[in-house]
Amino acid sequence: MQVKYQQGVGLLEVLVALLLLAIAVLGFVALQLRAVEATSEGFNRIEATNIARDLVEKIRINSSSTAITAYETYLSSQSGQAASVIDCYSTFCTPAVKAAFDVHEAYLSATDLGMTLNMVTCPGTANGRECIYVAWNKTDPVDTTATTSGHIACTTSETSSFSYNDSSTCIVMEAY
């Protein structure tokens, strides 16, 4: 008579085991998703760093006062960045034209990766050093205020320094 009371217990054990397996698989899927996101973020940071470093090195090489002014002018707007210029690979260029060419090259590299550029005076510095901002996703390459609806600013200025905004996806590199 006790055997009748045991019927279906095996099936219930299988269902509990399947439930535990499903929870474990869901945990693994969530972990895998987070790993893919971290890999993507790392790739974006490396590419943004490469773009900013390349531009900073070009600024250091082409560091006349007219060139620095040209870098600031061309980097301050996307229309300035996108402006077509003389090809300085095959033609001699003045420092200002070389600056426009360098900015355009950086702009092309950044837009291919879905990134945006900007150059502003580094917040919180008394020496007037310039900072190269490279941003992606829903972050604008600006300090304090966002320029596009739904986007956040890369950094927030304080009196003596600046810090990255929470959830911003950008890098800032000082050019000196």
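For the structure itself, look to the data block above.
Quantities reported herein were computed from a predicted structural model and do not represent experimental measurements. (Residues numbered from 1 in each chain as written. Predicted model: local features only at pLDDT ≥ 70, side-chain atom pairs only at ≥ 80, totals over all residues. Heavy atoms only, no water.)

Per the counting criterion, the structure on display carries one aromatic pair. Aromatic pair Tyr89 and Phe101: ring centres 5.0 Å apart, planes at 90 degrees, arrangement edge-to-face. Of this pair, Tyr89 sits in the loop between helix 4 (78-82) and helix 5 (95-112) while Phe101 sits in helix 5, and the two are twelve residues apart along the sequence. By relative accessible area, Tyr89 is classed as exposed at 63%. According to the relative accessible area criterion, Phe101 is buried, its value standing at 4%. (Phe/Tyr/Trp six-rings, centres within 6.5 Å; stacked < 30°, edge-to-face > 60°. Helix = DSSP H or I, 4+ residues; strand = E, 2+ residues; numbered from the N terminus. Buried < 20%, exposed > 50% of the residue type's maximum accessible area, 1.4 Å probe, protein only.)

So, on to the side chain of Lys58. For Lys58, the location among the structural elements is in helix 2 (residues 9-61). Not counting chain neighbours up to four residues away, the residues in contact with Lys58 comprise Tyr71, Asp102 and Glu105. (Contact = heavy atoms within 4.5 Å.)

With 53 residues, helix 2 ought to run about 78 Å at 1.5 Å a step, and its terminal C-alpha atoms sit 78 Å apart, in line with that. Listed in full, the buried residues belonging to helix 2 are Asn44, Ala48, Ile51, Ala52, Leu55, Val56, Lys58 and Ile59. On its buried face, helix 2 is in contact with helix 3 (65-75), helix 5, strand 1 (115-121), strand 2 (130-136) and strand 6 (170-175). (Expected span 1.5 Å × (residues − 1).)

Here the structure, examined in full by the defined rule, presents five salt bridges. With its nearest N and O atoms 3.2 Å apart, the salt bridge here joins Asp54 to Lys58. Residue Asp54 and its partner Lys58 are located together in helix 2, separated by four residues, close to a single helical turn. Looking at Asp54, the relative accessible area reads 36%, which means it is partly exposed. The class for Lys58 is buried, based on a relative accessible area of 18%. (Salt bridge = Lys/Arg side-chain N within 4 Å of Asp/Glu carboxyl O.)

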